[in-house]
Amino acid sequence: MELTTGAILRRITHTNLSCAAHKLATLILDGVAWKEGYNGLPHGTAAFTLSDLAERMEVSRQHLHSLLTELATSGLRLLRHRGKGRFAPWLFRFTAFDQSDYPGDVTSGGGDISLSREDSHKTIFSGHINIDEVTNV
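Conventions and cut-offs
- Think of each chain on its own: its residues are numbered from 1, step by step along the sequence as written.
- Reporting of local features is limited, given that this is a predicted model, to residues whose pLDDT is at least 70; pairs of side-chain atoms are given and counted only at 80 or more, and all residues count toward the totals for whole chains, interfaces and linings.
- Side-chain numbers here rest on the full set of heavy atoms in the structure, without hydrogens or water.
- Helical segments are the DSSP runs of H or I of at least four residues, strand segments are the runs of E of at least two, and each set is numbered from the N terminus.
- Only protein chains enter the calculation, and the probe is 1.4 Å; a residue is then buried if its accessible area is under 20% of its type maximum, exposed if over 50%, and partly exposed in between.
- Two residues form a contact once any of their heavy atoms are found within 4.5 Å.
- Each accessible area value is a Shrake-Rupley result obtained with a 1.4 Å probe; residue values ignore everything except the protein chains displayed when judging cover.
- The criterion for an aromatic pair is that two Phe, Tyr or Trp rings (for Trp, the six-membered ring) have centres within 6.5 Å, with stacked assigned to planes under 30 degrees apart, edge-to-face to planes over 60 apart and tilted to the rest.
- Only lysine NZ and arginine CZ atoms are considered, and such an atom sits over a ring when it is within 6 Å of the ring centre and within 35 degrees of the ring normal.
- Any two strands with at least two DSSP-identified bridges between them are counted as paired.
- Working convention: axes come from line fits to C-alpha atoms, limited for helices to the stretch in contact. Angles between N-to-C directions cover 0 to 180 degrees.
- Residue types Ala, Val, Leu, Ile, Met, Phe, Trp, Tyr and Cys, when buried and joined through side-chain atoms within 4.5 Å, form a set referred to as a nonpolar core.
- Helix span is expected to be 1.5 Å times the residue number reduced by one.
- The salt bridge definition used is simple: a Lys or Arg side-chain nitrogen within 4 Å of an Asp or Glu carboxyl oxygen.

Participant: Report on the overall build of the protein, specifying residues and quantitative values.
Facilitator: On a plain count of helices and strands, the protein comes out with four helices and three strands. Going from the N terminus to the C terminus, the protein shows its helices and strands as α-α-β-α-α-β-β. By the burial criterion, 31% of the 137 residues in the protein qualify as buried. Put simply, 53% of the contacts in the protein that link residues at least 6 apart link residues at least 24 apart. Approximately 9,800 Å² of the protein is accessible, and the part contributed by carbon and sulfur atoms is 53%.

Printed below as a string of structure tokens:
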């Protein structure tokens, strides 16, 4: 099964995180490379400097570290490591999707076009709606 942005976004929204951690996870997802070699990054990896992330999140670097720790210990299992070189950015990857044991319900099948899973969740209305011509004035 091919991993998509939508699958990770669905997992982010279903993971119990603080609002700031949700925002940070979405921000990291926005920078993920989906083609091998895009911006010199491997597939499924994003690269940011910590100062750039702190500026985009409008938080201090100390608070950013606590948010990154929250994402690392969550079901998303965010992994980060520093690239080579003194000014190299940090590389981020959601490793929960690297294992084959993550639940398959995070991605929908291609034939799913309904807004609900079961037919019983659909609202069916039959009848007439009468609108009186009485004035309210």
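Once you've had a look at it, read on.
Participant: Any details on the packing of aromatic side chains? Residues and values, ideally.
Facilitator: The tally for this structure, following the rule as stated, stands at one aromatic pair. Pairing phenylalanine 48 with phenylalanine 92 gives two aromatic rings, centres 6.3 Å apart and planes at 55 degrees, and the pair type is tilted. Taken together, the residues span a long stretch of sequence, with phenylalanine 48 in strand β1 (residues 46–48) and phenylalanine 92 in strand β3 (residues 90–94) at a distance of 44 residues. The ring of tryptophan 90 carries arginine 80 above its face, with NZ or CZ at 5.0 Å from the centroid.

Participant: So what's going on with the sheet that holds strand β2 (residues 78–82)? Residues and values would help.
Facilitator: To summarise the sheet geometry, strands pair through backbone hydrogen bonds and adopt either a parallel or an antiparallel arrangement. Strand order in the open sheet formed by three strands is β1-β3-β2, with antiparallel pairing between adjacent strands. What marks the edges here is a single partner per strand, and that holds for β1 and β2. With direction set aside, neighbouring strand axes in the sheet form an average angle of 30 degrees. Pairing analysis gives three bridges linking β1 to β3, with the strands arranged antiparallel.

Participant: How would you summarise the environment of leucine 79 if you had to cite specific residues and measurements?
Facilitator: Along the polypeptide, leucine 79 turns up in strand β2. The class of leucine 79 is partly exposed, set by a relative accessible area of 44%.

Participant: Explain the nonpolar core to me, and be specific about the residues and the numbers.
Facilitator: Formed by 28 residues in total, the largest nonpolar core has its most connected members in Leu24, Ile28, Leu68, Leu71, Phe92 and Phe94. Residue assignment for this core shows that the elements contributing at least two residues are α1 (5–14), α2 (19–30), β1, α3 (50–57), α4 (61–73) and β3. Looking at which element gives the most residues to this core, the answer is α2, with six residues. Those residues in contact with phenylalanine 94 that lie beyond four places of it in its chain are Ile8, Ile12, Ala25, Ile28, Leu29, Leu76, Arg77 and Leu78.

Participant: Tell me about α2, and name the residues and values.
Facilitator: Between its first and last C-alpha, α2 extends 17 Å over 12 residues, near the 16 Å set by a 1.5 Å rise per residue. Buried residues of α2: Ala21, Leu24, Ala25, Leu27, Ile28 and Leu29, and no others. The inward-facing, buried residues of α2 contact α1, β1, α3, α4, β2 and β3.

Participant: If you had to explain the environment of proline 89 to someone new, which residues and values would you point to?
Facilitator: Its location among the elements puts proline 89 in the loop between β2 and β3. Ignoring anything within four residues of it in the chain, the contact list for proline 89 reads Ala47, Phe48, Thr49, Arg82 and Gly83.

Participant: Tell me about the pattern of salt bridges, and name the residues and values.
Facilitator: Tallying each qualifying case throughout the model produces one salt bridge. Here arginine 56 ties to aspartate 52 by a salt bridge, and the two come within 3.5 Å at their closest N and O atoms. Here the residue arginine 56 and the residue aspartate 52 both occupy positions in helix α3, the gap between them amounting to four residues, near one helical turn. A relative accessible area of 41% places arginine 56 in the partly exposed class.

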